[in-house]
Amino acid sequence: THAYFYGKADLLIETIEENFKLDIHDYAQVDFYSFMDIINVLGGVTVDVQESELKELNKFIPETYYWYKDKSQPMQLIESPGEQLLNGYQALSFARIRKNDGTMERDNRQRMVIEAMVKKLKGLPISKYNDLMNSVLPYVKTNMSPATILGLAKDVLSIGNFDITSLQFPLHPEREVRLGKAGYVIPFEEYEVDILHDFIFKNIVPTKELIENADK
């Protein structure tokens, strides 16, 4: 986030490449507006809201509703925990919860929203694809051409398997430290980068035992 603040996409990509030893060619930058639009085109997303998350969730809703383009319906707070079908501004509020617990929990909530979006996309009729593209493209900054994007979309849809496997990185979030006013950082070792590469390129999901042995 600091890299993006100081140097936008170019510095962010350079930072990721340098730290994680990756070679990145293409990127797509999505803002809050397109995030809400995508979810609405999909008909909302279903996530499991915890009792402890309600207060923070509802704290953000007035702000995200203010950014919402469609004011035809009154603002709605989430009144109870459990599985909830969230619209665009509610889902954005859920993904922004941060003071309720910690960084990793916030990341998990964002993964929950993304996985719920993928599930909805899996069942989206072809007739809705144009609506989805039209809602996304005005708010997406990318170095890819529309033809490239459509080609990637075709490749993804042809795979047919939308199951998501995720890896939390760095592998030891408990080692988080604060660097004065600069904020928090989680240091990591070179072996963790090797495990990350195996996960990305070889589909090897590290076990607890593998991580512990590598750590030694």
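This section reports on the structure supplied with the text. Note that the structure is predicted; figures quoted are calculated from it, not measured.

**Concerning the side chain of histidine 172**
So, step 1. With respect to the helices and strands, histidine 172 occurs in the loop between α7 (146–159) and β5 (177–178).
So, step 2. Given a relative accessible area of 11%, histidine 172 falls into the buried group.
So, step 3. At 3.0 Å, the side chain of histidine 172 forms a polar contact with the side chain of glutamate 174.
So, step 4. Every residue in contact with histidine 172, bar those within four places of it in the chain, is listed here: Ile186, Tyr191, Glu192, Ile211 and Asp215.

**Regarding the environment of aspartate 23**
So, step 1. The residue aspartate 23 is located in the loop between α1 (2–20) and β1 (28–30) in this model.
So, step 2. Separated by 164 residues in sequence, aspartate 23 and proline 187 have C-alpha atoms that sit 21 Å apart.
So, step 3. Among the polar contacts made by the side chain of aspartate 23, one reaches the side chain of histidine 25 at a distance of 3.2 Å.

**Here's the deal with the pairing of strand β2 (residues 45–49)**
The two faces of a sheet get side chains in turn, since along a regular strand they alternate between them.
So, step 1. Residues of β2 alternate between two faces, with Val45, Val47 and Val49 buried on one and Thr46 and Asp48 left unburied on the opposite face.
So, step 2. Note: β2 against strand β3 (residues 82–86), five bridges, orientation antiparallel. When the sheet's bridge partners are listed, valine 49 is paired in β3 with glycine 82.

**Regarding helix α8 (residues 190–202)**
So, step 1. Helix length check: α8 (13 residues) gives 18 Å between terminal C-alpha atoms against 18 Å at 1.5 Å per residue, within 8%.
So, step 2. Restricting attention to buried positions, one finds in α8 the residues Tyr191, Glu192, Val193, Ile195, Leu196, His197 and Phe199.
So, step 3. The secondary structure elements touched by the buried residues of α8 are α1 and α9 (208–215).
So, step 4. Just downstream of α8 lies asparagine 203, where phi reads positive at about 60°.

**Quick word on the packing of helix α2 (residues 32–41) against helix α4 (residues 88–96)**
So, step 1. Closest axis-to-axis distance for the α2/α4 pair is 8 Å, and the angle between their directions is 125°. With respect to α4, the axis of α2 lies oblique. For the element pair α2 and α4, the recorded crossing hand is right-handed. From α2, Phe32, Phe35, Met36, Ile39 and Asn40 reach across to α4, where they touch Gly88, Tyr89, Ala91, Leu92, Ala95 and Arg96.
So, step 2. Class assignment of the residues belonging to the contact of α2 with α4 gives a composition of eight nonpolar, two polar and one charged.

**So, the packing of helix α3 (residues 54–67) against α4**
So, step 1. Running from N to C, α3 and α4 cross one another at 130°; their axes reach a closest spacing of 8 Å. Classified by the interaxial angle, the pair formed by α3 and α4 is oblique. When you trace α3 past α4, the crossing you get is right-handed. Touching Leu57, Phe60, Ile61, Glu63, Thr64, Tyr65 and Trp67 of α3 are Tyr89, Gln90, Leu92, Ser93, Phe94 and Arg96, all from α4.
So, step 2. Tallied by class, residues from the contact of α3 with α4 come to eight nonpolar, three polar and two charged.

Cut-offs and rules
- Residues numbered from 1 in each chain as written.
- Predicted model: local features only at pLDDT ≥ 70, side-chain atom pairs only at ≥ 80, totals over all residues.
- Heavy atoms only, no water.
- Helix = DSSP H or I, 4+ residues; strand = E, 2+ residues; numbered from the N terminus.
- Buried < 20%, exposed > 50% of the residue type's maximum accessible area, 1.4 Å probe, protein only.
- Polar contact = N/O pair within 3.5 Å; in protein donor to acceptor, adjacent residues only side chain to side chain.
- Contact = heavy atoms within 4.5 Å.
- Pairing = 2+ DSSP bridges.
- Expected span 1.5 Å × (residues − 1).
- Axes fitted to C-alpha atoms, helices over the stretch in contact; angles between N-to-C directions.
- Parallel < 35°, antiparallel > 145°, perpendicular 65-115°, else oblique.
- Left-handed = near helix turned anticlockwise from the far one by under 90°.
- Nonpolar A, V, L, I, M, F, W, Y, C, P; charged D, E, K, R; others polar.

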